[in-house]
Amino acid sequence: MIPRRLKADLPLRRIALVLSGGGALGAYEVGVLRVLEQIALKPAVVAGVSVGAMNAVIWLAHGQRTAALDGVWRKLRGENVGLHWVTLALRSAGALALIVALLEVFLTLAGSREFSGAYWLWKKWSGRVDLWSAQLDMMSWLVVAALGLGVVLSARRIEAWVASSQSVGDPGRSRQVLGRVTLAVAAMHSVVWLMGWPWPHRFSASLLLLLTLTWLAGGPGHTGAWLRRVAFGLMPETGGRGLWGGVARRRVVEQLVKDGDPKRIMSSETRLIVSALAVDSGRVCHFVNWAHPEAAFVSRVHAELGEVVSVRDTAEMVTAVMASSAIPGVFEPVRIDGRDFVDAGGFSNQPLHLAIAADADAVLVVLLTPSSTPTLSPTPDSLATLAGRLLELANWRDLQMELRALPEGFSREGSPARVCVVEPQRPLPGSVLGFDPAQAAQLIALGEADAWRALERAGWLQG
């Protein structure tokens, strides 16, 4: 069988490659890159978003050869890129243990008759009174458990009732009412605790603590701000900015770049564009590997609420890749020159127009979701399913806008077509965060098969 190859007379001299974002689905792009290596298609421009940016810099560092990428994707697991689910569970368990321990210390002091006035002031003791108090505590907590179950089962109805009945009011007045209720509970608890009467002491102390912390946390002063910061700090996140940091992800990219030739990333032979979203301005920032970008290119970016930043070396470009792959809520934002950046995939996941503006005469774009009209899908049955569906729809809408805004002469039609779209025929197996070697092998095979099909359809291969 004669190996397939590019047309010898292909009238396309500056082809751009656009690699989309999609997390673990990025293994599909490795299959496409394998095909480009086999037919010796060396793009003049490479634009990457999120995982596409990671694949791009590693591929360029290895001289547009795919062996290193292929090898790492077939071994890559979630913990290799920083998805430390065990650490998250341990952090959650540690925070819970800390809260429960501090609560028990408070309840031992403020919610037990052993430390009440009946013991220390009047030296009274009664096992029967203690038994009554314990029974009252147990009954109180059972009532709370029943109320909690009712709230869980009726949360939606309660929410609808509150939304329909509430009116715009004065938050300060609500806090005043809460303060009065807290003082009343404190007075009642203090009297009963000092007298040593039968009473649900621990339940009463818990209620008092909850009301006090709620009142303090709702205040405008330093105490309220501090309590809110403490609450966020105890959450299983990196300072409330993401579930995980980016150290593991950076280590993978830096090692693979080092194994190749880092100088190739800044080579003038291939223009590289890595996109990330600036949290402060809301603009999509495009980090480029060439100095003094052309005025027309910068003007086009600015017109679309974007920015252009020329990076000075490989280390800065790797940092830009970390920013581009920082999925909001999953990974903490990446700070560059005092500014925070995150994944721009939800805003510009396949920037064809930028590749063309960077002086390309044709574009090969790799999609991780089908470009056809989204099929009707069943109602999402979980938050993860809904998030995946929304990502699919966002990418589809972004691509349609890109295709409709193509300059004259750029089209998916013709032989050769100046726009070649490599895409799965149906939604890819797996998920954005589902890093799994067996799944990656399947995605690589699908990407390779779809790449051959797309190149043939675009008329870029020798007949």
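Here the structure is a predicted model, which means the values were calculated and not measured.

Participant: With reference to specific residues and values, describe the overall build of the protein chain.
Facilitator: Helices and strands together make up the secondary structure of the protein chain, namely 15 helices and eleven strands. Looking at the protein chain as a whole, 44% of its 463 residues qualify as buried. A separation threshold of at least 6 residues defines the contact pool for the protein chain, and within that pool the share at least 24 residues apart is 75%. Summing over all exposed atoms, the protein chain offers an accessible surface of approximately 24,500 Å²; the carbon and sulfur share of this is 63%.

Participant: Tell me about the pattern of salt bridges, and please be specific about residues and values.
Facilitator: Pairs can form between side chains of opposite charge whenever their charged atoms are close. Enumeration according to the criterion identifies 14 salt bridges in this entry. Measuring nitrogen to oxygen at the nearest pair gives 3.7 Å for the salt bridge that ties Asp-359 to Arg-14. Of this pair, Asp-359 sits in the loop between helix 13 (352-357) and strand 10 (362-366) while Arg-14 is found in the segment before strand 1 (15-19), placing the two residues 345 residues apart along the sequence. In this structure Arg-14 comes out as partly exposed when scored by relative accessible area, which is 28%. In this structure, Arg-412 and Glu-423 form a salt bridge, with 3.0 Å as the shortest nitrogen-oxygen distance. Taken as a pair, Arg-412 in the loop between helix 14 (383-404) and strand 11 (419-422) and Glu-423 in the loop between strand 11 and helix 15 (437-458) lie far apart in primary sequence, eleven residues in all.

Participant: Tell me about helix 2 (residues 51-61), residues and numbers included.
Facilitator: Within helix 2, eleven of the eleven residues are buried, which leaves it mostly tucked inside the rest of the structure. Buried within helix 2 are the following residues: Val-51, Gly-52, Ala-53, Met-54, Asn-55, Ala-56, Val-57, Ile-58, Trp-59, Leu-60 and Ala-61. Within two residues after helix 2, Gly-63 carries a phi angle of roughly 65 degrees, on the positive side.

Participant: Give me the lowdown on the packing of helix 1 (residues 27-38) against helix 15, citing residues and values where you can.
Facilitator: In the contact formed by helix 1 and helix 15, the axes pass within 6 Å of each other and the chain directions differ by 45 degrees. Here helix 15 runs oblique to helix 1, going by the angle between their axes. When you trace helix 1 past helix 15, the crossing you get is right-handed. Of the residues in helix 15, those touching helix 1 at Ala-27, Tyr-28, Val-30, Gly-31, Val-32, Arg-34, Val-35 and Gln-38 are Ala-440, Leu-443, Ile-444, Leu-446, Gly-447, Glu-448, Asp-450, Ala-451, Trp-452 and Leu-455. In the contact of helix 1 with helix 15, the residues fall into twelve nonpolar, three polar and three charged.

Participant: Report on the nonpolar core, specifying residues and quantitative values.
Facilitator: In terms of nonpolar packing, the biggest core is built from 78 residues, with Leu-17, Trp-73, Leu-272, Leu-364 and Trp-460 touching the most fellow members. Examining the composition of this core, we find that nine residues originate from one element, helix 2, more than from any other. Beyond its immediate sequence surroundings of up to four residues, Leu-17 is in contact with Leu-33, Leu-36, Pro-43, Val-45, Val-46, Ala-47, Trp-59, Leu-364 and Val-366.

Participant: Any details on the packing of helix 1 against helix 2? Residues and values, ideally.
Facilitator: For any two helices packed against each other, one specifies the crossing angle of their axes together with the interaxial distance. Viewed as axis vectors pointing N to C, helix 1 and helix 2 meet at an angle of 35 degrees, and their least axial separation amounts to 11 Å. For the pair helix 1 and helix 2, the crossing hand works out as right-handed. Facing Glu-29, Val-30, Leu-33 and Leu-36 of helix 1, the residues of helix 2 in contact are Val-51, Gly-52, Asn-55 and Trp-59. Residue composition of the contact of helix 1 with helix 2, grouped by class: five nonpolar, two polar and one charged.

Participant: Account for the side chain of Asn-289, naming residues and giving values.
Facilitator: Inspection of the secondary structure puts Asn-289 in the loop between strand 5 (284-288) and helix 11 (295-303). In terms of polar contacts, Asn-289 uses its side chain to reach the backbone carbonyl oxygen of Ile-265, at 2.9 Å. In terms of polar contacts, Asn-289 uses its side chain to reach the backbone amide nitrogen of Leu-272, at 2.9 Å. Discounting chain neighbours no more than four positions away, the residues touching Asn-289 are Ile-265, Met-266, Ser-267, Thr-270, Arg-271, Leu-272, Val-311 and Met-317.

Conventions we followed
- Residues numbered from 1 in each chain as written.
- Predicted model: local features only at pLDDT ≥ 70, side-chain atom pairs only at ≥ 80, totals over all residues.
- Heavy atoms only, no water.
- Helix = DSSP H or I, 4+ residues; strand = E, 2+ residues; numbered from the N terminus.
- Buried < 20%, exposed > 50% of the residue type's maximum accessible area, 1.4 Å probe, protein only.
- Contact = heavy atoms within 4.5 Å.
- Areas by Shrake-Rupley, 256 points an atom, 1.4 Å probe, with all protein chains shown as cover.
- Salt bridge = Lys/Arg side-chain N within 4 Å of Asp/Glu carboxyl O.
- Axes fitted to C-alpha atoms, helices over the stretch in contact; angles between N-to-C directions.
- Parallel < 35°, antiparallel > 145°, perpendicular 65-115°, else oblique.
- Left-handed = near helix turned anticlockwise from the far one by under 90°.
- Nonpolar A, V, L, I, M, F, W, Y, C, P; charged D, E, K, R; others polar.
- Core = buried A, V, L, I, M, F, W, Y, C linked by side-chain atoms within 4.5 Å.
- Polar contact = N/O pair within 3.5 Å; in protein donor to acceptor, adjacent residues only side chain to side chain.

Interpretation note: all reported values are geometric properties and have no functional meaning in isolation.
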